[in-house]
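Given next are the chains, with one letter for each unit.
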Amino acid sequence: MGKIKPRKEIQEFAIEMERKFRMRHGMIVDFNCIFVCLFRCLQEETRELEDAINDYDYDAIISEAADVANFAMMISCNALKFKKARHE
């Protein structure tokens, strides 16, 4: 399989994820945070996304969706880190 170029929508969403992630850099949320902490943050961001959807606030929807994705990514990255450590 050749190199995959992400479609425009994915690229735009990834840029928003990076923007939001950099805004939070240095806060308590980092890749060393335990799963429970990250999952609680994910739940809070999901509630904020639901509020934005209910308000038809499109800018907030974009922003909160990126937050949800970032916390899901951090959970996945931690799982991968622990899985690799277990097999070393």
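For the structure, check the block above.
Report on the accompanying structure. Position numbers for residues count from 1 along each chain, tracking the sequence in the order it is written. This being a predicted model, a pLDDT of at least 70 is required before a residue's local features are given, and a value of 80 or more before pairs of side-chain atoms are given or counted; all residues contribute to the totals for chains, interfaces and linings. Side-chain metrics in this entry use all non-hydrogen atoms of the structure; hydrogen atoms and water are not considered.

1. Re the packing of helix 1 (residues 8-24) against helix 3 (residues 58-86)
Point 1. Where helix 1 contacts helix 3, the axes come no closer than 8 Å and their chain directions differ by 75°. Here helix 3 runs roughly perpendicular to helix 1, going by the angle between their axes. Counting all contacts with helix 1, which are made through Phe13, Glu16, Met17, Arg19, Lys20, Phe21 and Arg24, the residues of helix 3 involved are Ile62, Ser63, Ala65, Ala66, Asp67, Ala69, Asn70, Phe71, Met73 and Met74.
Point 2. Tallied by class, residues from the contact of helix 1 with helix 3 come to 10 nonpolar, two polar and five charged. For helices, the fitted axis covers only the stretch in contact; all axes are lines through C-alpha atoms, and the angles between them, taken along N-to-C directions, range from 0 to 180 degrees. Numbering of helices and strands runs from the N terminus; a helix is a DSSP stretch of H or I covering at least four residues, while a strand is a stretch of E covering at least two. Oblique is the label for any angle not under 35 degrees, not over 145, and not in the 65 to 115 range, which are roughly parallel, roughly antiparallel and roughly perpendicular in turn. Contacts are assigned to residue pairs that have any heavy atoms within 4.5 Å of one another. Ten residues, namely Ala, Val, Leu, Ile, Met, Phe, Trp, Tyr, Cys and Pro, are considered nonpolar, four, namely Asp, Glu, Lys and Arg, are considered charged, and the remaining ones, Gly among them, are considered polar.

2. Observations regarding a negative patch on the surface
Point 1. A surface patch of like charges, here negative, comprises Glu50, Asp51, Asp55, Asp57 and Asp59.
Point 2. Assignment of secondary structure puts Asp59 in helix 3.
Point 3. Relative accessible area decides the class of each residue, using a 1.4 Å probe on protein chains only: under 20% of the type maximum gives buried, over 50% gives exposed, and in between gives partly exposed. Overall, Asp59 belongs to the exposed group, its relative accessible area being 62%. Like charges are joined within 9 Å and nonpolar side chains (Val, Leu, Ile, Met, Phe, Trp, Tyr) within 5 Å, but only among residues with over 30% relative accessible area and no salt bridge; these make up the patches. Only the protein chains shown count as covering a residue, and every accessible area follows the Shrake-Rupley method with a 1.4 Å probe. When a carboxyl oxygen of Asp or Glu is within 4 Å of a side-chain nitrogen of Lys or Arg, the pair counts as a salt bridge. In this tally Asp and Glu are treated as negative and Lys and Arg as positive; neither His nor the chain ends contributes. Each charge is placed at NZ for Lys, CZ for Arg, CG for Asp and CD for Glu.

3. Quick look at the pattern of salt bridges
Point 1. According to the stated counting rule, one finds five salt bridges in the structure shown.
Point 2. Taking the shortest distance from any N to any O, the salt bridge between Glu12 and Lys8 comes out at 3.6 Å. Pair noted here: Glu12 and Lys8 are both in helix 1, with a separation of four residues, about one helical turn.
Point 3. Of the residues examined, Lys8 reaches a relative accessible area of 59% and is grouped as exposed.
Point 4. The closest approach of N and O atoms between Arg19 and Glu16, which form a salt bridge, is 2.7 Å. Taken as a pair, Arg19 and Glu16 lie in helix 1 at a separation of three residues, close to a single helical turn.
Point 5. When its relative accessible area of 40% is taken as the criterion, Arg19 is described as partly exposed.

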